[in-house]
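Chain and residue survey
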Amino acid sequence: MKKLEKFSSRAIPLPIDDIDTDQIIPARFLKSVTKDGFGDNLFRDWRYDKAGKPVKDFVLNDPKWDGNILVAGKNFGCGSSREHAAWALGDYGFKVVISSFFADIFKNNALNNGILPIQVSDASLHKLFDVLLATPETQLHIDLENQRFSVDGHDDLTATFEINPYKKMCLINGYDDIDFLLSIKEDIEGFEKARLFH
């Protein structure tokens, strides 16, 4: 995984509540066993019409929206537990998803795939949507080390966020669970040797 610590980006607003994993990546696209190419079908049924033509009004097809941060409505990632939803978001280029509530399984899948879910209050989410819709070029700043995010020109939206310490360490170092175990290989081997000769 790529390291994620501190960065700034514009954000893409998707003010729809209860976006489920089938809307994020429809079931008919789950045949692949690698993570590559899923971004092409992210929000497929919203991005394209039945003839396969881009829906002009959908945010991912509108050139005024850009960035590595998705700001989504409440209860993002509900529905089935498919990890492919996180794969699709990551393959498209999103590093962070901001919402006022995440489904637990989606949240864990996101963290396991290098995507930071940031949970904010309902009031902050609505204010953030207002800011982005009024000024699409607004920059958001993410500081994972200090668990803080801020919004240019809007000090009232500066906030801290919670994250599991282990997952935070993995994101900062670009580790998945196997990478983490390899990073402490010498400690594990030392522990095993100590037990053998104890």
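Everything below is about the structure printed above this text.
Report follows, based on the coordinates. (Residues numbered from 1 in each chain as written. Predicted model: local features only at pLDDT ≥ 70, side-chain atom pairs only at ≥ 80, totals over all residues. Heavy atoms only, no water.)

Of note, T21 is situated in helix α1 (residues 21-24). On the basis of relative accessible area, T21 is assigned to the buried category, the value being 2%. Among residues more than four places away in sequence, those in contact with T21 are G77, C78, G79, S80, R82 and A85. (Helix = DSSP H or I, 4+ residues; strand = E, 2+ residues; numbered from the N terminus. Buried < 20%, exposed > 50% of the residue type's maximum accessible area, 1.4 Å probe, protein only. Contact = heavy atoms within 4.5 Å.)

Before going further, it helps to spend a moment on unusual backbone geometry. Backbone geometry follows two general trends: most residues other than glycine have a negative phi, and most peptide bonds adopt the trans configuration. Its identity as a non-glycine residue notwithstanding, N75 has a phi of 70 degrees, on the positive side. The phi torsion at Q147 lies on the positive side, around 50 degrees, for a residue other than glycine. Relative accessible area serves as the criterion here: at 18%, Q147 is assigned to the buried category.

Bringing the nonpolar core into the picture now. Formed by 54 residues in total, the largest nonpolar core has its most connected members in F43, L70, F76, L89 and L116. Discounting residues that sit within four places of it in the chain, L89 has contacts with I24, L42, L70, F76, F94, V97, F106 and I115. (Core = buried A, V, L, I, M, F, W, Y, C linked by side-chain atoms within 4.5 Å.)

The next subject is helix α4 (residues 104-112). All of the buried residues along α4 are F106, N109, A110 and L111. Buried-residue contacts for α4 involve α1, α3 (84-92), β5 (116-119) and α6 (165-173). Immediately beyond the C-terminal end of α4, within one or two residues, lies G114, with a positive phi of roughly 80 degrees.

All told, the structure shown has four salt bridges when counted by the stated rule. Among the salt bridges present, the one from D22 reaches R82, with a minimum N-O distance of 3.0 Å. Of the two residues, D22 sits in helix α1 while R82 sits in the loop between β3 (69-72) and α3, which places them 60 residues apart along the sequence. The class for R82 is buried, based on a relative accessible area of 15%. Between K127 and D156 there is a salt bridge; the shortest N-O distance is 2.5 Å. Of this pair, K127 sits in helix α5 (residues 122-134) while D156 sits in the loop between β7 (148-151) and β8 (159-160), and the two are 29 residues apart along the sequence. Assessed through its relative accessible area of 29%, K127 is described here as partly exposed. (Salt bridge = Lys/Arg side-chain N within 4 Å of Asp/Glu carboxyl O.)

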